[in-house]
Amino acid sequence: MKRILPFCMLMLMGIVVLGQQTVSGTVSDAQSGEPIPGATILIKGTDTGTTTDLDGKFRIQIENETDVLVFSSIGFSAVEEVVGSRAIITVSMDADITQLGEVVVTALGIERDSKTLGYSVSRVKGEQFTKAREISVADNLVGRVAGLNSSAPSTGPGGSSRVTIRGNSSLSFNNQPLYVINGIQMNNDNLGSVGKWDGADFGDGISSINPDDIEDITVLKGGAAAALYGQRGRNGVILITTKSGKSSQGLGVEFNSNVAISKINDFRDFQEKYGQGTLGVAPTDQTSALNTGLTSWGAPLDGSMVTLFDGKQHPYSAVSGDNLTDFYETGATYTNSLAISGGGESGSVRLSLGDLRNSSVYPGADYKRQTINLDASYKLSPQLTGSANVNYTKDGASRTKVNDAPGNGNYAIMFLPPNVDAEYLAPGYDELKNEIRFGSDAFTTNPYFAANRFITETSKDRVLSVASLRYAPLEWLYVQARIANDFYAFNATQITPTGTAYRPTGGLDLQRTVNYNETNADFLVGINKDVSRDFSIGVTLGGNLLKMQQKTVEVNASGFAFPFLYNPGTATTKGANVTEPQKEVHSLYGSVELGFRDMLFLNITDRNDWSSTLPSGNNSYNYPSVNLSYVFSESLNVPWMNMGKIRAGYARVGGDAPVFATSLYYGTLGNAINGVPLGNVDNNVPNPQIEPLQVTELEVGGEMEFLQKRLFVDLAWYKKQTLNDIVNVGISRGSGYQTAVVNIAEIENTGVEFLLGGVPVKTPALTWTTTFNISNNKNTVIGLAEGQDKLTVGESRNGRAFIEHVVGKPFAQVMAYDYMRDDAGNLILGATGLPQAASELTSQGTGVHPVTGGWSNDVKFKNLTLSFLIDFKYGGVIYSGTNAIAYGNGLHKATLEGRGDGITVSGVDAEGNAMTSTVTDQNYYGALAGISKLQVYDADFIKFRSLSLTYNFPNLGNIKGLSISLVGRNLFYIKKSTPNIDPESNYTNGNAQGIEYLGLPTSRTYGINLGIKF
């Protein structure tokens, strides 16, 4: 019996073991294909489970085939799998878009639970910037965040961006948000922009960031969200967190390669029935061809042979249809990045290298960017941790001029007559490097000469660095010290080459060197504690010291001793200017957060700044804010509602004055009379009593999640008022000055933001995630100086359209000339019988779209993911210089009416007498070219912005993730209302929005992306 009992026990154990089954497999991110370490696997209904290792692999014992495994991980939606007869199970987990918002980075880098926030915050994952990518991160924000308006001037790769949040709050100064990179407040100044006459876009700060390094972006929209950043946060804040090593990751390698090609958008729809010439006559010889270079008022195209500017005979036929595609090239962008990361219990490190090389669609133009990012963190003790991040960027570009005709290759190529092939003008210069002229106007540069010979080059080295120590002696208490620095060295060169028609000896138009350094040192003391079962408290106290120094040296020269050698030392005329602005701001701030039963949260903040750019009596200014969050779903028991919250916030923020605004400064002109140096003073009267501008904002909103977080909605309303805006107002020139600095302007922004999203379809094989956002911002200029009803901030090159801030109307009104009419509405004709432009400008609408939005989608079927974005903008207008010139030159299709027969015009003369006359088509449409209201168009559009198709390869052994994507960007317009131009064709990122004038044509991009992770 003693022998039988052990034998029976062994048999029973064997039966139990035989009844068990071993299941193994891998858990990965459905979007990126990357393994998920630390994911939990439980047998449903039991406490039996395991976790995945660093490679996302797991092994678990089950009892029978009907067992269900539940896979879960923070930030991902749970997955359930019935085991069945499978021994290997591969699971892909989708990101839970609602969980991703549970912990967010707020002002000063403080992490908070999203339900405690009494203001609107939006997050964008880093992968959104690397699918169908843009060179600048800011350009990729378009259509993704409610209340954020992003646009890129038509100035080429590496150009600047314009981003505004909840409208424009200043009439004269910067309206773009503060960018904070890993706690570093980054200078985002435009380093060179386009004015009325000409110029080039030298880029901005945000273009220095490598999209492959971004973990996520958080947008702090309102004053309550950004008040702790003081005077820099009045336009909102964009927090960029870069990728870092993970403490439990081990060694990882990530490589990403992207190749994209760009083709220009040719929106021209010009007439092709009449060719070069004047008054219905084609050129008869070389001289008449030169005299009518861009004039298309000739005879009907009949295929006969005519002499053109080169003295050769060419067919008088329509051959210009491919001129843009012949002149502009196929652009190409090659982007490669390599990242190595690792981590353990004591710390982590990540090093990334990025290389971007772009050849523009504009001949000879290019942009290159190399980046190095190093991020490290280390646990020095259980209470003390340290971290550091250094980002180095080196970029360089060869750029194109835009706007005016001299040196701008984008100008003449647009308006060549239908019978002139672009290739007739190539290569643009003769054997002596002199410009080949195609017309009598020397200032209309041969486009090939502009592209091949003009020089506009920039280079920049930038270092963003930050280091911090954090000491937490208690679980609820920490002390942090941090120092951050932003440094860049920038160089720009613009040269008009020897042999240019309008300046045969050439000139060094600009040699600019900028050295900029800003240091921010700050400290924080934080307390977060539950004082009882019902109450919690959080307290933050801190301070900041900002020190900025800049030195700018500018040199120009002409009259060189030697051709093609642009050395100022050999010039007969030269000038130099040096400016060295400095600024210092001292700050103290704090916040208190009170929580009740994890459902009611009150947060109060305050900050005080002392700025050196304000007079000593007015240099202290305060920024208080208060916000309240009530999570009402905690007190309700509604099965289909997962979360419901209402919120409200109020803040007063503001800004200091620009440097040199309080005192009168003298300068020298660089020459002398009888050995005595000549000097001058600025034409702007300073204001020693200037006060900081103030912006108050009230915000209310709510968030709700339904149906197991399959549906969510976010709604916000805000009212933002600017008081004491600092502007330069015009004064009588009899005073010896032109403008004066004053605190007078008032502006109001009122708006609504709406976000709707969710997961309409979710099956084991198919998941569709979608979000839709729309916002409407109503901006009104409330007041200017006493007796002043408008402020001019921009003007078109032809002087026929202006951008003005007008009292009672929205920001950036496009002002144009209408027909001159009498009180009865009759046209008042000139002595020659032609229509005339009115003497006064009239408002045509705002150049800034008040309505913006986007619809983003991710459709995943097994390992294949289709993503696309459609965005839209409504309510803005744009003046088109292209269409104005096309009217005057006889290219616009509207000029076909009345060709050859003359046009009969009826109206009244200056005395009011009835008048009818027949005028030539050329003179009639030439007059209409100056009636600029005719060239103002609705700039509304709906655009298929981006598309990507990604396949993630599963189960590749030591390869943790492999994906390949086909991508497209700026693909096509579903709707637009602007003839012959792109509605997104502003040429500046400043406040003068709403003017198009011969910038670089926009382009659409197609590419392929390869991502590998080990």
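Look a little higher up for the structure.
Keep in mind that this is a model prediction, so the values were computed, not measured.

Procedures and definitions
Residues numbered from 1 in each chain as written. Predicted model: local features only at pLDDT ≥ 70, side-chain atom pairs only at ≥ 80, totals over all residues. Heavy atoms only, no water. Buried < 20%, exposed > 50% of the residue type's maximum accessible area, 1.4 Å probe, protein only. Helix = DSSP H or I, 4+ residues; strand = E, 2+ residues; numbered from the N terminus. Contact = heavy atoms within 4.5 Å. Salt bridge = Lys/Arg side-chain N within 4 Å of Asp/Glu carboxyl O. Pairing = 2+ DSSP bridges. Axes fitted to C-alpha atoms, helices over the stretch in contact; angles between N-to-C directions. Core = buried A, V, L, I, M, F, W, Y, C linked by side-chain atoms within 4.5 Å.

As a further point, take helix α7 (residues 881–889). Counting buried residues along α7, eight of its nine residues qualify, which places the element largely inside the surrounding structure. Of the positions making up α7, those classed as buried are Gly881, Thr882, Asn883, Ala884, Ile885, Ala886, Tyr887 and Asn889. Where α7 is buried, its residues contact α5 (409–415), β46 (877–880), α8 (921–929), β49 (936–938) and β52 (995–996). Within two residues after α7, Gly890 carries a phi angle of roughly 85°, on the positive side.

Here we come to the pattern of salt bridges. Counting across every chain of the model gives 41 salt bridges. Between Glu81 and Arg86 there is a salt bridge, and its shortest N-O distance comes to 3.1 Å. A relative accessible area of 32% places Arg86 in the partly exposed class. Between Asp534 and Arg597 there is a salt bridge, and its shortest N-O distance comes to 3.5 Å. Here Arg597 lies in the loop between β29 (582–596) and β30 (600–611) and Asp534 lies in the loop between β26 (507–530) and β27 (535–560), a separation of 63 residues in the sequence. Each of Arg166, Lys221, Lys645, Arg647, Glu697, Glu699, Glu703, Asp714 and Glu753 takes part in salt bridges that share partners, so that together they form one network.

Further remarks concern the sheet that holds strand β6 (residues 79–82). Pairing is antiparallel across the open sheet formed by four strands, whose spatial order is β3-β2-β5-β6. Of all the strands in the sheet, the pair left with one neighbour each is β3 (49–51) and β6. Mean inter-strand twist for the sheet, computed between neighbouring axes without regard to direction, equals 20°.

Right, let's talk about the sheet that holds strand β10 (residues 121–125) for a bit. Taken in spatial order, the five strands of this open sheet run β10-β15-β16-β13-β14, and their pairing is mixed. In the strand order of this sheet, the two ends are held by β10 and β14 (184–186), each with one partner. The mean inter-strand angle of the sheet, taken between neighbouring strand axes irrespective of direction, is 25°. Relative to strand β15 (residues 214–220), β10 is paired through five bridges, and the arrangement is antiparallel. Residue pairing for β15: Val121 is matched across the bridge by Leu220.

For the rest of this paragraph, the subject is the nonpolar core. Leu171, Tyr328, Tyr362, Tyr411, Phe415 and Leu416 are the most contacted members of the largest nonpolar core, which totals 65 residues. In terms of residue count, α5 provides more of this core than any other element does, five residues in total. With residues up to four places along the chain from it excluded, the contact list for Leu416 reads Leu294, Ser320, Asn323, Ala422, Leu425, Phe438 and Leu891. By size, the runner-up hydrophobic cluster in this structure holds 23 residues, among which are Ile217, Ile238, Leu464 and Val466.

Turning our eyes to something else, we now look at the environment of Gly758. Turning to its location among the elements, Gly758 is positioned in strand β38 (residues 739–762). C-alpha separation for the pair Gly758 and Glu705, spaced 53 residues apart in sequence, amounts to 9.0 Å.

Looking now at the environment of Leu614. Residue placement: Leu614 occurs in the loop between β30 and β31 (620–630). Under the relative-accessibility criterion, Leu614 is labelled buried at 5%. For the pair Leu614 and Pro658, spaced 44 residues apart in the sequence, the C-alpha separation amounts to 8.5 Å. Beyond its immediate stretch of four places on either side in the chain, Leu614 contacts Asn619, Tyr621, Asp656, Ala657, Thr662, Ile690, Glu691 and Pro692.

It is worth spelling out the pairing of strand β32 (residues 641–655) at this point. On a regular strand, one side chain projects to one face of the sheet and the next to the other, so that they alternate. Looking at chain direction, β31 and β32 are connected through six bridges and run antiparallel. For Leu628, the partnering residue across the bridge sits in β32 and is Ala648. For β32 and strand β36 (residues 693–706), the ladder comprises 14 bridges, and the chain directions are antiparallel. In the strand pairing of β36, Ala648 is matched with Val700.

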